[in-house]
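# Fold and contact review
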Amino acid sequence: MQAAPIVFIQAGLTYPNGVEALTDISLTIADQSAVAVVGPSGCGKTTLLRTIAGLERVSVGSLQVAAGAKRAMVFQSGLLFPWMSVADNISYGLMTRGTPAEQCRVIAREWADRMGLQRFIDAYPHQLSGGMQQRVGIARALAIQPDIVLFDEPFAALDAQTRLIMQELVCDLRRQGVCGTMLFVTHAIDEALIVADRIIVMSARPGRIIADLTPQLADVPSADKRALPAFNQAFADIWAQIRQEVDVQMHEGVN
């Protein structure tokens, strides 16, 4: 896939109840790029992701997703099927696409090995830690070899140490070239700087793009990024913009 797989042109979304979630979104996501979206709570980050996934439709303007592009989504809660084993959860997307059962089993085992879940291939979600459940969710998304992977705050519910491990995992998968074009929604600015090369900052609702940044950190190993002055400066710049939006949001809430 060579052409930009995702293009928003002056797009907006207003829900039937009159709530305007997004406004004037113009954004082009290049093929094989890794983009993080940050902003205040309720600014429409997840709504933006859901439009790309095809779960919501823009009300005005346009969203163009490359024809035939396979899309996969990783959710905050994992959304694993509790009655299915790890193997069956990983291969669910393959099964729905008509992949033969034997091939599904082979691919599920390959992904379980890659994600460090070899010993848990026959386990069920309730037998796994939160981090392991998210690894299953990521494996399920990537097993279909998607062109576009959408991460919706996938590590928000994890403890701090597990979050760091999962961030490293995503970076490793990117280096292996299996994440396709990646959009990663997060509240954590440091996480955005670790997993992505480009940061989109959104305003308070209705969400619009107020900054489009490319910190010079792409060639730095993820484990070393936090120690760099450029990392700290990018964090401070992004937080200053988000803090201003939060202050506006709180002021409007009071009034």
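Preceding block: the structure.
Source: prediction; values computed, not measured.

## Topic: the overall build of the chain
Scanning the chain from terminus to terminus reveals nine helices and nine strands. In terms of overall dimensions, the chain is globule-like: its C-alpha atoms have a radius of gyration of 19 Å, near the 18 Å expected for 255 residues. C-alpha atoms of the chain, sized along the principal axes, occupy 55 × 45 × 40 Å. Scored against the burial criterion, the 255 residues of the chain give a buried share of 47%. Counting contacts in the chain only where the partners sit at least 6 residues apart, residues at least 24 apart contribute 71% of the total.

## Let's talk about the sheet that holds strand S2 (residues 20-29)
Strand pairing in a sheet relies on backbone hydrogen bonds, with the paired strands running either antiparallel or parallel. The antiparallel open sheet is built from three strands, whose spatial order is S2-S1-S4. Looking at which strands have only one partner, the edges of the open sheet turn out to be S2 and strand S4 (60-65). The sheet shows a mean angle of 20° between the axes of neighbouring strands, taken without regard to direction. Direction of pairing for strand S1 (residues 6-14) relative to S4: antiparallel, over a ladder of five bridges. Bridging from a neighbouring strand, Val7 pairs with Gln64 of S4. In the packing of helix H1 (residues 45-53) onto the sheet, the strands contacted are S1, S2 and S4, and the crossing angle to S1 comes to about 120°.

## A few points about the packing of aromatic side chains
Inspection of every chain in the model, using the stated rule, returns four aromatic pairs. Ring geometry for Phe155 and Phe184: centres 5.8 Å apart, planes at 55°, overall tilted. Pair noted here: Phe155 is in the loop between strand S6 (148-152) and helix H6 (160-175) and Phe184 is in strand S7 (residues 181-185), with a separation of 29 residues, a long-range link. The pair formed by Phe155 and Phe184 is uniform in burial state, with each residue classed as buried. Three or more aromatic residues link up through ring pairs in this structure, and these residues are Phe81, Trp83 and Tyr92. We note Arg114 situated over the ring of Trp111; from NZ or CZ to the ring centre the distance is 4.5 Å.

## So, helix H5 (residues 130-143)
Taking 1.5 Å of rise per residue, the 14 residues of H5 would be expected to cover 20 Å, and the 20 Å separating its terminal C-alpha atoms lies within 8% of that figure. Listed in full, the buried residues belonging to H5 are Gly131, Met132, Gln134, Val136, Gly137, Ile138, Ala139, Arg140, Ala141, Leu142 and Ala143. Gln145, located one to two residues past H5, shows a positive phi value of around 55°.

## Remarks on the sheet that holds S6
Reading across the sheet, the six strands line up as S5-S6-S7-S3-S8-S9 and stay open at both edges, with mixed pairing between neighbours. Only two strands of the sheet have a single neighbouring strand rather than two, namely strand S5 (71-74) and strand S9 (209-213). The mean inter-strand angle of the sheet, taken between neighbouring strand axes irrespective of direction, is 15°. Summarising the sheet, S5 and S6 pair through four bridges and their orientation is parallel. Across the sheet, the residue bridging to Val74 is Phe151, located in S6. Across the sheet, H1 lies against strand S3 (34-38), S5, S6, S7 and strand S8 (198-202), angled at about 150° from S6, the strand it touches most.

Quick notes on the rules
- Counting restarts for each chain, with residues numbered from 1 along the sequence as it is written.
- Only residues with pLDDT of at least 70 get local features here, since the model is predicted, and only at 80 or more are side-chain atom pairs given and counted; chain-wide, interface and lining totals rely on the full set of residues.
- Excluded from the side-chain calculation are hydrogens and water; included are all heavy atoms of the structure.
- Helical segments are the DSSP runs of H or I of at least four residues, strand segments are the runs of E of at least two, and each set is numbered from the N terminus.
- Computation of the radius of gyration draws on C-alpha atoms alone. For the globule rule, the value is 2.2 Å times the number of residues to the power 0.38.
- The classification of residues rests on relative accessible area computed with a 1.4 Å probe and restricted to protein chains. Under 20% of the type maximum is buried, over 50% is exposed, and intermediate values are partly exposed.
- A contact between two residues is defined here by any heavy atoms of the two lying within 4.5 Å.
- When DSSP locates at least two bridges between a pair of strands, those strands are taken to pair.
- In this analysis, axes come from line fits to C-alpha atoms, helices being fitted only over the stretch in contact, and the angle between any two N-to-C directions falls in the range 0 to 180 degrees.
- Only Phe, Tyr and Trp rings are paired, with Trp represented by its six-membered ring, and only when their centres lie within 6.5 Å; those with planes under 30 degrees apart are stacked, over 60 edge-to-face, the remainder tilted.
- A ring is considered to have a charge above it if a Lys NZ or an Arg CZ atom is located within 6 Å of its centre and within 35 degrees of its normal.
- Expected helix span is computed as 1.5 Å times (number of residues minus one).

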